[in-house]
Amino acid sequence: MSGLLTALDLTDTGARTSEDIFTGPSQWMPQGRVFGGQVLAQALVAAQRTIAEDRSVHSMHGYFLRPGDVNLPITFSVDRIHDGRSFSTRRTQAYQDGVPILSAIASFQDDDEGLDHQIDMPTDLPDPESLPTTAEVLAAFDHPVARYWASERPFDMRYVTSPIFLGVEGGKVAHQAVWLKSVGPMPDDMNLHRAALAYASDYSILESIMRRHGLAWVTPGIKVASLDHAMWWHRDARVDEWLLYVQESPNAIGGRGLSQGRIYDRAGRLIASVAQEGMVRRPR
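In this text the structure is predicted, and so the values were computed from the model without any measurement. Each residue is numbered by its place in its chain's sequence as written, counting from 1. Residue-level local features of this predicted model are given only where pLDDT is at least 70; pairs of side-chain atoms are given and counted only at 80 or more, and the full residue set underlies all totals for whole chains, interfaces and linings. Each side-chain value is worked out from all heavy atoms of the structure, with water and hydrogens disregarded.

Engineer: Help me out: how do you make sense of the overall build of the protein chain in this one?
Structural biologist: When helices and strands are tallied, the protein chain shows six helices and twelve strands. With respect to the three principal axes, the spread of C-alpha positions in the protein chain is 55 × 45 × 40 Å. In the protein chain, buried positions account for 50% of the 284 residues. Partitioning the contacts of the protein chain with sequence separation of at least 6, the portion at a separation of at least 24 is 72%. Values of accessible area rely on a 1.4 Å probe in the Shrake-Rupley scheme; residue burial ignores everything except the protein chains shown. Carbon and sulfur atoms provide 50% of the accessible area of the protein chain, an area that totals close to 13,800 Å². Charged side chains of the protein chain number 27 positive and 35 negative; the gap between the two group centres comes to 8 Å. The helix count covers DSSP runs of H or I at least four residues long, the strand count covers runs of E at least two residues long, and both are numbered beginning at the N terminus. Each residue's exposure class comes from its accessible area (1.4 Å probe, protein chains only) as a fraction of the maximum for that residue type: buried when under 20%, exposed when over 50%, partly exposed otherwise. Contact between two residues is taken to exist if any of their heavy atoms lie within 4.5 Å; hydrogens are not considered. His is not counted, nor are the chain ends, whereas Lys and Arg count as positive and Asp and Glu as negative. Charged groups are reduced to one reference atom each: NZ for lysine, CZ for arginine, CG for aspartic acid, CD for glutamic acid.

Engineer: Can you help me understand helix 2 (residues 36-48) in this one?
Structural biologist: To estimate how far a helix should reach, multiply one less than its number of residues by 1.5 Å. Over its 13 residues, helix 2 runs 18 Å from end to end, which matches the ideal 18 Å to within 8%, given 1.5 Å per residue. Burial runs high along helix 2: 13 of the 13 residues are buried.

Engineer: Where do I start with the domain arrangement of the protein chain in this structure?
Structural biologist: The figure often quoted for interface size is the accessible area lost as the parts come together. All the domain ranges listed were derived from an automatic or database domain assignment. For the protein chain, the assigned domains read domain 1 (18-111) and domain 2 (122-283). The C-alpha centroid of domain 2 is placed 22 Å from the C-alpha centroid of domain 1. Residue-level contacts link 23 residues of domain 1 with 20 residues of domain 2. A simple way to read buried area is as the amount of 1.4 Å-probe accessible surface that goes missing from two parts once joined, with both sides added. Across the interface of domain 1 and domain 2, roughly 1,900 Å² is buried in total on both sides, 66% from carbon and sulfur atoms. Salt bridge, as used here: a side-chain nitrogen of Lys or Arg that lies within 4 Å of a carboxyl oxygen of Asp or Glu. Inspection of the domain 1/domain 2 interface yields zero salt bridges. Counted as a polar contact is a pair of N or O atoms within 3.5 Å, where, for protein atoms, one must be capable of donating a hydrogen and the other of accepting one, and residues adjacent in sequence contribute only when both atoms are in side chains. At the boundary of domain 1 with domain 2, the tally comes to seven residue pairs in polar contact (both at pLDDT 80 or more). Secondary-structure elements contributing two or more residues to the side of domain 1 that touches domain 2 are helix 2 and strand 3 (55-64). Per-element accounting of the side of domain 1 that touches domain 2 gives the leading share, nine residues, to strand 3.

Engineer: Can you help me understand helix 4 (residues 144-152) in this one?
Structural biologist: In an α-helix there are 3.6 residues to a turn, and that puts residues three or four apart on one side. Where helix 4 is concerned, the buried positions are V145, A146, Y148 and W149. With its buried residues spanning 160° around the axis, helix 4 presents them on a single face. Those residues of helix 4 hidden inside the fold are in contact with helix 3 (134-137). Directions from the helix axis toward the C-beta atoms define the arc.

Engineer: Looking at this structure, I do not really get the UniProt feature "domain: Acyl-CoA thioesterase-like N-terminal HotDog" (unreviewed entry) in the protein chain. What am I missing?
Structural biologist: UniProt positions are given in the numbering used here, feature names are shortened, and annotations may be inferred rather than shown by experiment. In the UniProt entry, the feature "domain: Acyl-CoA thioesterase-like N-terminal HotDog" (unreviewed entry) is given for residues 25-109. Strand forms 48% of residues 25-109 and helix 15%; the C-alpha atoms that close the span are 28 Å apart.

Engineer: Quick question: what am I supposed to make of the UniProt feature "domain: Acyl-CoA thioesterase 2 C-terminal" (unreviewed entry) in the protein chain here?
Structural biologist: Within the UniProt annotation, "domain: Acyl-CoA thioesterase 2 C-terminal" (unreviewed entry) is assigned to residues 167-279. With 16% helix and 44% strand, the stretch residues 167-279 has end C-alpha atoms that lie 20 Å from each other.

Engineer: Would you mind going over the pattern of salt bridges with me for this structure?
Structural biologist: Side-chain pairing between opposite charges can occur once the charged atoms of the two side chains come close. Inspection of every chain in the model, using the stated rule, returns 16 salt bridges. With a closest N to O distance of 2.8 Å, R238 and D188 form a salt bridge. Of this pair, R238 sits in the loop between strand 9 (223-233) and strand 10 (243-253) while D188 sits in the loop between strand 8 (175-182) and helix 5 (190-201), and the two are 50 residues apart along the sequence. Classification of R238 by relative accessible area gives partly exposed; the value is 24%. Accessibility expressed as a relative area gives 72% for D188, which makes it exposed.

Engineer: Honestly, the packing of aromatic side chains in this entry has me stumped. Any pointers?
Structural biologist: For any pair of aromatic rings, the description rests on two quantities: the centre-to-centre distance and the angle between the ring planes. Aromatic rings from Phe, Tyr and Trp, taking only the six-membered ring of Trp, are treated as a pair when their centres fall within 6.5 Å; an angle between ring planes under 30 degrees marks them as stacked, one over 60 as edge-to-face, and anything in between as tilted. For the structure on display, the rule yields six aromatic pairs. Measuring from centroid to centroid gives 6.3 Å for F155 and Y203, while their planes differ by 70°, and the two rings are edge-to-face. Remark: Y203 occurs in the loop between helix 5 and helix 6 (207-212) and F155 occurs in strand 7 (residues 155-159); sequence separation between them is 48 residues. Accessibility assignment for this pair places F155 and Y203 in one class, buried. Centre to centre, the rings of Y159 and F165 are 5.7 Å apart; their planes meet at 80°, and the pair counts as edge-to-face. Of the two residues, Y159 and F165, neither departs from the other in class, the shared state being buried. Here the aromatic cluster, defined as three or more aromatic residues joined through ring pairs, consists of F35, F155, Y199 and Y203. Here, a charge over a ring is recorded when the distance from Lys NZ or Arg CZ to the ring centre is within 6 Å and its angle to the ring normal is within 35 degrees. Taking NZ or CZ as reference, R153 lies 4.6 Å from the ring centre of Y203, over its face.

Take a look at the structure:
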């Protein structure tokens, strides 16, 4: 948790061009590349720093342009594109070594009353307390990636069906569900909870594509990378309480796959919706 909170605590450099400039650290990852969810969440935090307190994010669309290096800090530039009567729009670019690794646009809105409906949460799924932790699933494997997944991520993730770390059990289906929550308490800052939810939303979103084709993370030669990420925040929720992440893939073609997700709290409220296209290339 300390690593996550440190990563999201960006530094205002005091530098100003036509944009606001912030810097942030990179979290260690076993393969040396910056986790996409981290830079996405940091880009949101940077944009939030330029928004009035009474406006909160409702949507964000980002493109992952280059892999980031965990050994380097990240610079974020925020362009205050528009401030209207009800909405504000910000563009955030994330840079390392002077080149962009992420480009994102986020929109913020005043609280407002309006129409209210949602797709219902699935009701036939087991509670998270009855499911094994990732640490329990990977306890027998002494490998840097397994150790990271098991005990070094800031989120506890429990798969309703078995995870696809080491193999794909059961049928080749294009859907899955995962319970998640932070491993420790978060500050009472809803902007941080929104950013942390963006962070966690990138963990498993492409797995519905892989599950459909029987591909596990340890498949020799498999190449998986996020290309873009879209997210809509519907209702506020704390990420240090259990959330259900329901994911499904409607399509894969051309070395790319699309996955969509819905995030619910335990009361059944739809908290957020997610869509991501990723590169998924299987060995030939």
